[in-house]
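Descriptive structure summary
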Amino acid sequence: MPSLSTVRRSAPPTTTSSSSSSPPSPAEPTAGASTSALSAAPARATHSVPPSGGGPVLTVVPRRNPWTWVGVAGVGLLLAMFVNGLVTNPGWDWATFGRYFATETVIRALGTTIQLTVLGTVAGFALGLVLAAMRLSSNAFLRTVAWAYIWAFRSIPLIVQLLFWFNIAYLYQTISVGLPFGPSFGSVETNDLFGALGAAVLGLALHQAAYAAEIIRGGILSVDEGQREAASALGIPRRRQFARIVLPQAMRSILPNAANEVISLFKGTSIVSVLAIPELFYQVQVIYGRNSRVVPLLLVATVWYIILTTLLSIGQYYVERHFARGSARSLPPTPLQRLRARWAGIATQAARRPEEVAR
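Now for a description of the structure that goes with this document. Predicted model, so just to flag it, every value in this text is computed and none were measured.

The rules behind these values
- Residues numbered from 1 in each chain as written.
- Predicted model: local features only at pLDDT ≥ 70, side-chain atom pairs only at ≥ 80, totals over all residues.
- Heavy atoms only, no water.
- Helix = DSSP H or I, 4+ residues; strand = E, 2+ residues; numbered from the N terminus.
- Buried < 20%, exposed > 50% of the residue type's maximum accessible area, 1.4 Å probe, protein only.
- Contact = heavy atoms within 4.5 Å.
- Areas by Shrake-Rupley, 256 points an atom, 1.4 Å probe, with all protein chains shown as cover.
- Expected span 1.5 Å × (residues − 1).
- Arc of directions from axis to C-beta.

1. Side note on the overall build of the chain
The number of helices and strands found in the chain is 14 helices and five strands. Across the 359 residues that make up the chain, the buried fraction comes to 26%. Counted over contacts in the chain with a minimum sequence separation of 6, partners at least 24 positions apart contribute 65%. When the accessible surface of the chain is totalled, it reaches about 23,800 Å², and 64% of it is carbon and sulfur.

What follows is the structure in structure tokens.
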């Protein structure tokens, strides 16, 4: 492959009738051997490809990539400058960061953030699955209702939805159960039905469902129609078709986008601070409002967001690896397996260098 390496064709070695019966002695190398020794002199690794039809030996020289090393050096320089600023700049105030990073109030607020994320994700994707099924239905009424819901909740900003649900008691003081336009059999005060946390979960779930529906619908549409036709020809019920054939294949397309939505929801829970819910960002604001240490307290929230986002990304990788079983001959290697393979390659190259020098 010329794009990956440069192939050099060396001259065939001169042979005589006597050389075919006895190999040349080490003290008296032949001309071909001296030429190969000179070609092996450069530091870069080379290897010879044996001829297939008795032709000349092909020496393969790896392609040089100088711009890769320039990029590595540039990124390394920027990273070193950034780390130097983190260490030497007193504005970061690492002492305050360490004092508040794992305090009880911050950990409790972090738990509230995780709770909002889990409830919003579960409720949002459950409702999104129903909406996606309605969008794919042959019933025009169901398709219209699902489309109108998605259009409305994607059009209204999330902060507006949260404030609306938080102030729903301003419009409806009680919620009654009874006949339409007739007598009611019972009623409950709206403020007693759900508070600030309930309004936040409701707003996040309804907002998330609109996006989850489109993600699930796109994943289902990515499955070849022949899969459904083959399942129908075998007499498999439609519910079993969806659960055992369509959905596992659709998950490969759904998971990356769904993981992005979950991570966005996790970081987006900071917007519920407008409802005075003591989640992570709100609690950080309260603390730096008292001691005026804005930067280190914001860094506390940032580091916690980075840690939990990293954990979610690791979980996403292994879930995608699980659902990739039917699409590849072998599963993608885990990061630990890649590290072991990389280390084995480095060890192999290090073992070959003394042999090349000896030659």
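2. Some remarks on helix H6 (residues 140-155)
Between the first and last C-alpha of H6 there are 22 Å, a value that for 16 residues agrees with the 22 Å anticipated at 1.5 Å per step. All of the buried residues in H6 are Ala146, Tyr149, Ile150 and Phe153. The buried residues of H6 all sit within an arc of 95° when viewed along its axis, so they share a single face. Among the exposed residues of H6, those pointing more than 90 degrees away from its buried face are Phe141, Thr144 and Trp151. For H6, the secondary structure elements touched by its buried residues are helix H5 (104-135), helix H7 (158-166) and helix H9 (196-221).

3. Side note on the environment of Ser187
Note on placement: Ser187 falls in strand S5 (residues 184-189). Ser187 gets classed as exposed once you look at its relative accessible area, which sits at 53%. For the pair formed by Ser187 and Gln173, sequence separation is 14 residues and the distance between their alpha carbons is 10.0 Å. If we ignore the near neighbours within four places in the chain, the residues touching Ser187 are Thr174, Ile175 and Ser176.

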